[in-house]
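Architecture and fold: a report
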Amino acid sequence: MIGILIVAHAPLASALRECALHVFPDCASGVQALDIAPNASPEESLQLAKAAMAKLNTSEVLLLSDVFGATPSNIAQKLNDGIDTRLLAGVNLPMLLRSVCYRHETLDALASRAQTGGAQGIMPVGCTAPQIQTGTRHAPSYDDHQQ
């Protein structure tokens, strides 16, 4: 199985991992998170990232970072060799959940699915009227309440 390493500004990486574990509790060993603190040096952060990647104990890793060009993304880029790793910037929860679901596929297929999942998870949501619930009507003496 492909490992997933989230490298993001603190506390986003850990929060995303916790959300993924809420939905898929069995994925704990395959998903690691590294929160980059605002005062952490890039050298120290790179060492922590290498250690987090080693914890995955797998030969292939999907790297997910939050903002392209920011420190977490730059650190993840130093881990990305393009052979055994793929890096996607702009991580969001739909991207991560899609990644967890397809860890058994090839690294290229997983990266593609993750990117698609992230993009499909972004959509405009307009104001809507309350739902009209239809169904069987009760006896006239029954008070029908929505809760």
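Scroll up to find the structure.
What you see is a predicted model; the values in this text were computed from it and never measured.

Before going further, it helps to examine the sheet that holds strand 3 (residues 61-65). Taken together, four strands build an open sheet; the order of strands is 2-1-3-4 and the sheet is parallel. The two strands at the open ends of the sheet, each matched to only one other strand, are strand 2 (31-36) and strand 4 (85-89). Put simply, the sheet's adjacent strands are angled 15° from each other on average, direction ignored. When strand 1 (residues 3-9) meets strand 3, the two strands line up parallel, connected through five bridges. Note that in strand 3 the partner of Ile 6 across the bridge is Leu 64. Sitting on the sheet, helix 2 (residues 42-55) is in contact with strand 1, strand 2, strand 3 and strand 4, with an inclination near 170° to strand 2.

Next up on the list: the packing of aromatic side chains. Summed over the entire model, instances satisfying the criterion amount to zero aromatic pairs. Positioned above the aromatic ring of Tyr 102 is the side chain of Arg 113, whose terminal nitrogen or guanidinium carbon lies 3.9 Å from the ring centre.

This next bit is on the packing of helix 4 (residues 93-101) against helix 5 (residues 107-120). Contact pair helix 4 / helix 5: the axes reach a minimum separation of 7 Å and the direction vectors enclose 145°. In the crossing of helix 4 with helix 5, the sense of the turn from one axis to the other is right-handed. In contact with Pro 94, Met 95, Arg 98 and Ser 99 of helix 4, helix 5 contributes Leu 110, Arg 113, Ala 114, Thr 116, Gly 117, Gly 118 and Gln 120.

Rules used in this analysis
Residues numbered from 1 in each chain as written. Predicted model: local features only at pLDDT ≥ 70, side-chain atom pairs only at ≥ 80, totals over all residues. Heavy atoms only, no water. Pairing = 2+ DSSP bridges. Helix = DSSP H or I, 4+ residues; strand = E, 2+ residues; numbered from the N terminus. Axes fitted to C-alpha atoms, helices over the stretch in contact; angles between N-to-C directions. Contact = heavy atoms within 4.5 Å. Phe/Tyr/Trp six-rings, centres within 6.5 Å; stacked < 30°, edge-to-face > 60°. Lys NZ or Arg CZ within 6 Å of the ring centre and 35° of its normal. Left-handed = near helix turned anticlockwise from the far one by under 90°.

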